[in-house]
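This is what each chain is made of:
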Amino acid sequence: MSPDPPVFAGIDTTVPHSARRYNYWLGGKDHFAVDRESGEQMAAVFPTARVWAVQNRAYLRRVVTYLAREAGIRQFLDVGTGLPTADNTHEVAQRIAPESRVVYVDNDPLVMTHARALLTSTRQGLTSYLEADLRNPAVILEQARETLDFSQPVALMLIAVLHFVPDAKADSYAVVRTLVEALPAGSYLAISHGSADYLPAPTAATLEAMARAGGEFQLRSASELARYFDGMSLVDPGIAVISEWRPLDDDRPDPADVACLGAVARVG
Ligand SMILES: C[S@@+](CC[C@H](N)C(=O)[O-])C[C@H]1O[C@@H](n2cnc3c(N)ncnc32)[C@H](O)[C@@H]1O
């Protein structure tokens, strides 16, 4: 095990954080003891948490590739960025279209300390990073305007972040609506979201009880996910387990081992 990363002011290493736990599952080195413990506790209930993390990252790559190559998107607003790892949104997009612009947003101060790795834009493109909470969409929009031109299409990426906005904490549907209403026609919304839809009933019940007790996350079903896309046109294949969304490999995990749904839709 590599040593813990340095502790910067404002980073609480006594409370687990989703970005660091995800980094642990992905085999990264930016996590503290508390994140590893929390990761192991979740893996005791959902033993394929690592399969989920790897599949989610692969989904993000396929989504950005689709948006840049097929939908012609050149601007991305990536909320819930996570700690930098291989193939961050701007790297995937700028490989296809070097002029792509990306605004990264996360509420974990540790992600901010790594922002330099997210800001390695091509000369023709631009990336910026802002520390903000998804639950404050007005703040995100105001600051994102410094980098993105909201008269041109923007892809709003909410990849593995909405499940960290439980109903008890905020109205995630209103948050998404506020962000989407700021986007011009021809923009896109891309989501991935933890779901119990494919889980065996006992695992689903334990995970849902864990979610309720901790108040940190909430699983949502396909029909709950569909509400985020109200009034938009879903891109084929619609709402699917993320590993089944435009897959590139024949060798794919069992949907129950992934337990995460995703979809991409066109706005307007
Ligand atoms: C599981 S990671 C996903 C990272 C990346 N989107 C991906 O799919 O690879 C979730 C990220 O969302 C961030 N996050 C959680 N709740 C958030 C909130 N309310 N506002 C902004 N970011 C949040 C976490 O800090 C973490 O970096």
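Structure's up top.
Being a predicted model, the structure only gives us computed values, none of them experimental.

Enumeration over the complete set of coordinates arrives at one cavity of 30 Å³ or more. Approximately 40 Å³ is the volume attributed to the largest cavity. Every residue lining the largest cavity is listed: R57, L60, D78, T81, N88, T89, Y104 and L118. Residue composition of the lining of the largest cavity, grouped by class: three nonpolar, three polar and two charged.

Here helix α8 (residues 172-181) has its buried residues at S172, Y173, V175, V176, L179 and V180. All buried residues of α8 fall inside an arc of 160° around its axis, so they share one side. At its buried positions, α8 is contacted by α7 (137-144), β4 (155-159), β5 (188-194) and α10 (222-228). Its side-chain oxygen 3.1 Å from the backbone nitrogen of Y173, D171 forms the N-cap of α8.

Next up on the list: the pattern of salt bridges. With the rule as written, the count across this model stands at eleven salt bridges. Between R61 and D87 there is a salt bridge, and its shortest N-O distance comes to 3.7 Å. Taken together, the positions of R61 in helix α3 (residues 49-70) and D87 in the loop between β1 (75-79) and α4 (89-96) put the pair 26 residues apart, joining distant regions of the chain. Of the charged contacts, one joins E70 and R246 as a salt bridge, the two residues approaching to 3.7 Å between their closest N and O atoms. One end of the pair, E70, is in helix α3; the other, R246, is in the loop between β7 (240-241) and α11 (255-258), and 176 residues separate them in sequence. Taking the relative accessible area as the measure of exposure, E70 reaches 56% and is therefore exposed. Using a relative accessible area of 30% as the deciding quantity, one classes R246 as partly exposed. Connected via shared salt-bridge partners are R20, D35 and D108.

What counts, and where the lines are drawn
Residues numbered from 1 in each chain as written. Predicted model: local features only at pLDDT ≥ 70, side-chain atom pairs only at ≥ 80, totals over all residues. Heavy atoms only, no water. 1 Å grid on protein atoms, 1.4 Å probe; cavity = no way out; pocket = protein on both sides within 12 Å on 5 of 7 lines; lining within 4 Å. Points joined across faces, edges and corners; volume = space filled by probe spheres on them. Nonpolar A, V, L, I, M, F, W, Y, C, P; charged D, E, K, R; others polar. Buried < 20%, exposed > 50% of the residue type's maximum accessible area, 1.4 Å probe, protein only. Helix = DSSP H or I, 4+ residues; strand = E, 2+ residues; numbered from the N terminus. Arc of directions from axis to C-beta. Contact = heavy atoms within 4.5 Å. Polar contact = N/O pair within 3.5 Å; in protein donor to acceptor, adjacent residues only side chain to side chain. Salt bridge = Lys/Arg side-chain N within 4 Å of Asp/Glu carboxyl O.

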